[in-house]
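Residues per chain are reported as follows:
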Amino acid sequence: MLTNRDLEEKVATSDAWIVQRTGIRERRIAAPDETTSKLGIAAAKAAIADAGLEAAEIDLIVCATSTPDYTFPSTATQIQDGLGIQGGAAFDVQAVCTGFIYGLATADKFLQSGSHRRALVVGAETFSRILDWTDRGTCVLFGDGAGAVVLESADEDGSGRGILTTQLRSDGRYRDRLYVDGGPGSTGTTGHLRMEGRDVFKFAVGKVMDVVNEAFASAGVSAAELDWFVPHQANRRIIEASADKLGIPRGKVVITVDRHGNTSAASIPLALDVARRDGRIKRGDLVMLEAIGGGFTWGSALLRW
Ligand code: ACO
């Protein structure tokens, strides 16, 4: 665990500044031998056990990450191997902080097509490895972690459970507002995260509104019917401003950014895990997920738990 007080010793910042601007109090940092796939494997094992399945029953693995163990092979295949699975398909999706929504949408469409039956969707990141630890504007914001869900295709049983709609968007013109300044095809290095925080903030609130409202319209439900709003955990102020504008009461908003920081593609599945374990999210609940990330990419997913 790395607290704001710990960061005060690394860069010119303060606990008060970080809490007031972001709501973050602490974040987790992976140990040197903990790679993204190792975090993902641990989350995947917990999700599969929780679903009451055996790993061999999974025939599709989608891993959302921007911090893969290697340029290739994919982190998803590393997770597949770590789970002892030899069949089916495994691949990564890369949509930065929107990665989990993109992964969920991809898996949902595979299951709906009938080509696959049980999908594991993992969001796993070690952002601590791409941070510039001398840049106080970014290094205080992020953390490491992984979360996972299992999706299973099932005949409609009248319960209405499952993913009701996913909305995916992107606009590549905004690359320079949030990016990593390296890569195998450009600099040949891994690079470090760079961000124009204010621009991201402004863009985030407007786009989140659009894509959440589009999900409500697509599914024919209203904000008043929502049980839980589980947004990407980047910044408490973005989350609360978005919820207020959408008319979602603060009591229905799941916030974990205080403990995890921004874990990019891992933040939504980590928040789902917290809210399910503490008894907030229950079977049959209507849950809205949304995220925005580098690209920009953004998206939402509305589901009946
Ligand atoms: N500690 C103390 N002071 C700081 C720190 C820090 N860690 N970081 C910046 N400052 C200073 C700045 O230097 C600036 O000082 P100046 O006025 O003397 O120049 C002052 O604080 C204000 O800086 P701003 O950047 O304007 O601060 P702002 O209120 O916009 O807050 C923040 C910055 C928290 C980054 C905010 O813009 C934000 O949250 N943006 C969204 C970021 C985000 O969500 N990113 C993730 C997107 S998801 C993904 O894909 C990774």
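In this report, we go over the structure that sits alongside the text. Within every chain, residues take consecutive numbers counted from 1 along the sequence as written. At least 70 in pLDDT is required for a residue's local features to be given in this predicted model, at least 80 for side-chain atom pairs to be given and counted, and no such filter applies to totals for whole chains, interfaces and linings, which use all residues. Values reported for side chains reflect all heavy atoms of the structure, with hydrogen atoms and water molecules removed beforehand.

## Focus: helix 8 (residues 236-246)
Stated formally: Each residue is placed in one exposure class: buried if its accessible area under a 1.4 Å probe, protein chains only, is under 20% of its type's maximum, exposed if it is over 50%, and partly exposed if it falls in between. In DSSP terms, a helix is any run of H or I states spanning at least four residues, a strand is any run of E spanning at least two, and both are numbered starting from the N terminus. Contacts are assigned to residue pairs that have any heavy atoms within 4.5 Å of one another. Any N or O atom pair separated by 3.5 Å or less is treated as a polar contact, with the protein-specific requirement of one donor-capable and one acceptor-capable atom, and with residues adjacent in sequence counted only for side-chain atom pairs.
Where helix 8 is concerned, the buried positions are Ile 238, Ile 239, Glu 240, Ser 242, Ala 243 and Leu 246. On its buried side, helix 8 packs onto helix 7 (197-219) and strand 10 (228-231). The opening residue of helix 8 is Asn 235, an N-cap whose side-chain oxygen sits 2.6 Å from the backbone nitrogen of Arg 237. Phi turns positive, to about 75 degrees, at Gly 247, one or two residues after helix 8.

## Some details on the sheet that holds strand 11 (residues 286-293)
For the record, the criterion: DSSP-based pairing: two strands are paired if at least 2 bridges between them are found. Angles run from 0 to 180 degrees between N-to-C directions of axes, and those axes are lines fitted to C-alpha atoms, restricted for helices to the stretch in contact.
With mixed pairing, 4 strands are arranged side by side in an open sheet as 7-12-11-10. At either margin of the open sheet sits one strand with a lone partner, and together these are strand 7 (162-170) and strand 10. Strand after strand, the sheet turns through a mean of 10 degrees between neighbouring axes, direction not considered. Lying over the sheet, helix 7 contacts strand 7, strand 10, strand 11 and strand 12 (297-304), oriented at roughly 140 degrees with respect to strand 7.

## Quick look at the sheet that holds strand 3 (residues 60-64)
The strand order 4-3-5-6 describes an open sheet built from 4 strands, whose pairing is mixed. The sheet terminates laterally at strand 4 (89-93) and strand 6 (144-152), the two strands that pair on one side only. Taking the axes of each pair of neighbouring strands and ignoring which way they run, one obtains an average angle of 15 degrees across the sheet. The pairing of strand 3 with strand 5 (residues 118-126) spans 5 bridges and is classified as parallel.

## Some thoughts on the environment of Leu 60
Residue position: Leu 60 is located in strand 3. Under the relative-accessibility criterion, Leu 60 is labelled buried at 0%. Taking C-alpha positions, Leu 60 is 8.6 Å from Phe 110, a pair spaced 50 residues apart along the chain. Residue contacts for Leu 60: discarding those within four places in its chain leaves Ala 89, Phe 91, Ala 107, Phe 110, His 116, Arg 118, Ala 119 and Leu 120.

## Re a positive patch on the surface
Counted only if it meets this: Exposure above 30% relative accessible area and no salt bridge define the residues that can form patches, which grow by joining like charges within 9 Å and nonpolar side chains of Val, Leu, Ile, Met, Phe, Trp and Tyr within 5 Å. What sets the accessible areas is the Shrake-Rupley method with a 1.4 Å probe; for residues, cover comes only from the shown protein chains. What makes a salt bridge here is a side-chain nitrogen of Lys or Arg within 4 Å of a carboxyl oxygen of Asp or Glu, nothing more. Here the positive residues are Lys and Arg and the negative ones are Asp and Glu; neither His nor the chain ends is included. Taken as the charge location is NZ of Lys, CZ of Arg, CG of Asp or CD of Glu.
A contiguous patch of positive charge on the surface is contributed by Arg 21, Arg 198, Lys 202 and Arg 237. Tracing the sequence through the fold places Arg 237 in helix 8. Since its relative accessible area comes to 38%, Arg 237 is described here as partly exposed.

## Focus: the site of the ligand
Convention followed: Each residue is tested against the molecule or strand, and it is near if at least one of its non-hydrogen atoms lies within 4 Å.
Lining the immediate environment of the ligand, one finds 27 residues, of which Thr 13, Arg 21, Cys 97, Arg 198 and Asn 235 sit closest. Here an oxygen atom of the ligand and a side-chain polar atom of Arg 21 are 2.5 Å apart. Here an oxygen atom of the ligand sits 3.0 Å away from a polar atom, N or O, in the main chain of Gly 294. Contact with the protein chains removes 75% of the 1,000 Å² of surface that the ligand exposes when unbound. Those elements giving two or more residues to the shell around the ligand turn out to be helix 2 (15-22), helix 6 (136-139), helix 7, helix 8 and strand 11. It is helix 7 that contributes the most residues to the shell around the ligand, 4 residues altogether.

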